[in-house]
Amino acid sequence: MRRALLALCAAALLAYAALAQPTIYILDVRESQGWWTTPDVLTRRIQDLLSSAAKDLNLQFNVVVIDSIERWERIFTEAPQDAVIINAHGELVPVPPKYGTDWQTFYRDLAMNIMYKGWVWVNPIGYGFFYVTYNYTRRPDGTWDWALLTTGPAGLDTLGGWLGIVATAWPEAAGGAPQITDLGRHVFDVLGYNLPDSANAPRPLTTNAPMLWAFYVRQSGNVTAYSCVAYKIGRGALLWGGWAANPIDEQAMVAVAMTLYYLFPAEIEAAQPKPKGLRPEQIVLIAWGVVAAVLVLILVRTFMRRR
């Protein structure tokens, strides 16, 4: 009896631990497209980096790929508490079929999920919410028709309006690229990422919302632009990268670094930097140095022979 009770308690503890683990959803709807990225390639790279980080830092979380428009509509409607969603579609967001062409109401409901359901929306690439795929309709063979719409800055304006913030991702006001912070350097070093000191982020965010933390900052007068930044809004958060259209490897690193630091700040702050290989520019310099040394050696030998 005692053994049975202990086994039951152990099973209950394991079940609770599994439920307590955060779930990271990667939005990669096959009935859509990407903008400034290739969603399926980016998704695979994000999965690889998440797996490596979990192993290296002993982090516990679940990863789910939202790979169809039906699954996206179901998850969006059910709105699980504290979902973390990495948007692998870049500057674009797929709108579930039930909204038809009403993308504004979709962004309202996304804002409600962030504020009241604790959703964390991770938008690593470009000017988020600038495009949508919408008006999903079934073909006779069961596949989907859909349309692409450029919402422009109105997408972020609409979402921001419901979140209670004013934001823009045009970089001109900041007068240059955001530069790495001490926090950003530490997080990248712990994860072993070779990301640049000057953000490869042509769409940094400027907003009236107080930031929670940032990996890159640029201040010019009274204007401050952020890349790889987190904003706590209601019960949830908006994480913004503003990263460039390539390389995809950097896009994935930015997405994973923001996500894991938001979920596990204490663990990452306490971790030691991971040994890293040489940066590409360092490899090029070393290669040129070797070539120069070889040329000098050849010249010296030629000179000695002539003597």
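Residues numbered from 1 in each chain as written. Predicted model: local features only at pLDDT ≥ 70, side-chain atom pairs only at ≥ 80, totals over all residues. Heavy atoms only, no water.

**Topic: the sheet that holds strand S6 (residues 131-138)**
Right, so step 1: With respect to topology, three strands assemble into an open sheet ordered S4-S6-S7, the strand pairing being mixed. Whereas interior strands pair on both sides, the edge strands pair on one side only; in this sheet they are strand S4 (92-94) and strand S7 (144-150). Averaged over all pairs of adjacent strands, the angle between strand axes in this sheet comes to 25°, irrespective of strand direction.
Right, so step 2: Pairing between S4 and S6: three bridges, direction parallel. When the sheet's bridge partners are listed, Leu92 is paired in S6 with Tyr131.
Right, so step 3: Across the sheet, helix H4 (residues 103-117) touches S4, S6 and S7, and the angle it forms with S6 is around 110°. (Pairing = 2+ DSSP bridges. Helix = DSSP H or I, 4+ residues; strand = E, 2+ residues; numbered from the N terminus. Axes fitted to C-alpha atoms, helices over the stretch in contact; angles between N-to-C directions. Contact = heavy atoms within 4.5 Å.)

**Notes on the pattern of salt bridges**
Right, so step 1: Under the definition given, this model contains nine salt bridges.
Right, so step 2: The residue Glu31 makes a salt bridge to Arg30 at a minimum N-O spacing of 3.5 Å.
Right, so step 3: On the accessibility criterion, Arg30 (58% relative accessible area) is exposed. (Salt bridge = Lys/Arg side-chain N within 4 Å of Asp/Glu carboxyl O. Buried < 20%, exposed > 50% of the residue type's maximum accessible area, 1.4 Å probe, protein only.)

**Quick notes on unusual backbone geometry**
Right, so step 1: Omega for the peptide link from Asn246 to Pro247 comes to 0°, which places this bond in the cis form.
Right, so step 2: Within the secondary structure layout, Pro247 lies in the loop between strand S13 (236-243) and helix H7 (248-263).
Right, so step 3: Within the chain, Ala79 stands out as a residue other than glycine whose phi angle is a positive 50°.
Right, so step 4: Looking at the secondary structure, you find Ala79 in the loop between helix H3 (69-78) and strand S3 (84-87).
Right, so step 5: One non-glycine residue with positive phi stands out, namely Cys228, at about 55°.
Right, so step 6: Along the chain, Cys228 falls in strand S12 (residues 223-233).

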